[in-house]
Amino acid sequence: MALGGDLRPSQLLKAYRRGIFPWYDEGDPICWWSPDPRAIIEIDGLRVSRRLWRTIRSARFTATVNCDFAGVIRGCADRPGEGSWITPDMIRAYEELHRLGHAHSLEVWHGDELAGGIYGVAIGGFFAGESMFTRVRDASKVALVYLTDRLRQRGFRLFDIQMLTDHTARLGAIEVPRAAYLKRLKKALAFPAAFV
């Protein structure tokens, strides 16, 4: 959609309200994206396997909200051999959004170890899932289950995951045309939900 600009909180929130998000490599100008089609997970549409339900019921993991945002975003950025679009500037920008109450994390713990998690941006009844990571098998999937449950309980209307992958498609993610997404976004932004 555009190149350049900055990652100030006001700029990021303005972009999210218009269905746009930043995604770029370190050393490149900031690139702003609004994919067509757009990937979402319907609030009641997460597909959870029996094996994953057993893992959740086993109490092997515990989940928290906003207890270690810094650990989650850095866990998402730490992808040895894969590269990462979560640059130091992005980390600083989203940590500031978190301090202002707009960016949130859901952490999954295995004992005292941060095993996985997910972070994103919430505005009204809209949640933009930015990235997730795992260090222990199934921890990111458990985070996604807890996150969608929280979104449902708190009345969120739209869970944006930006782009479809094979992994998210297996979990029930779908694609919608950008025009339809933007209509849903407008309604979700006007809905008075709160992540915390």
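Everything in this summary refers to the structure shown in the same document. (Residues numbered from 1 in each chain as written. Predicted model: local features only at pLDDT ≥ 70, side-chain atom pairs only at ≥ 80, totals over all residues. Heavy atoms only, no water.)

1. A word on the overall build of the protein chain
Next, step 1: Scanning the protein chain from N- to C-terminus turns up seven helices and ten strands.
Next, step 2: Expected size for 196 residues packed as a compact globule is a radius of gyration near 16 Å; at 16 Å, the protein chain falls within 12% of this value.
Next, step 3: Reported as C-alpha extents along the three principal axes, the dimensions of the protein chain are approximately 45 × 35 × 30 Å.
Next, step 4: Taking all 196 residues of the protein chain together, the buried fraction comes to 50%. (Helix = DSSP H or I, 4+ residues; strand = E, 2+ residues; numbered from the N terminus. Rg over C-alpha atoms; globule rule 2.2 N^0.38 Å. Buried < 20%, exposed > 50% of the residue type's maximum accessible area, 1.4 Å probe, protein only.)

2. Some words on the packing of aromatic side chains
Next, step 1: All chains considered together, the criterion is met by six aromatic pairs.
Next, step 2: Taken together, a centroid distance of 5.7 Å and an interplanar angle of 80° make the contact between Phe69 and Tyr119 edge-to-face. Of this pair, Phe69 sits in helix H3 (residues 69-77) while Tyr119 is found in strand E7 (residues 113-123), placing the two residues 50 residues apart along the sequence. Like Phe69, the residue Tyr119 is buried in the burial classification.
Next, step 3: Taking the relative accessible area as the measure of exposure, Tyr119 reaches 0% and is therefore buried.
Next, step 4: Taken together, the ring pairs connect Phe127, Phe156, Phe159 and Phe195 into an aromatic cluster.
Next, step 5: Lying across the ring of Phe195, Arg150 places its NZ or CZ 5.2 Å from the centre. (Phe/Tyr/Trp six-rings, centres within 6.5 Å; stacked < 30°, edge-to-face > 60°. Lys NZ or Arg CZ within 6 Å of the ring centre and 35° of its normal.)

3. Side note on the nonpolar core
Next, step 1: In this structure, Tyr16, Ile86, Tyr94, Tyr119 and Phe126 are the most contacted members of the largest nonpolar core, which totals 38 residues.
Next, step 2: Breaking this core down by element, the ones donating at least two residues are helix H1 (9-17), strand E3 (31-33), H3, helix H4 (88-99), strand E6 (103-110), E7, strand E8 (126-134) and helix H7 (178-189).
Next, step 3: Residue contacts for Phe126: discarding those within four places in its chain leaves Tyr16, Val121, Phe156, Leu158, Asp160, Tyr181, Leu185, Ala188 and Leu189. (Core = buried A, V, L, I, M, F, W, Y, C linked by side-chain atoms within 4.5 Å. Contact = heavy atoms within 4.5 Å.)

The quantities given are spatial measurements derived from coordinates; they are silent on function.
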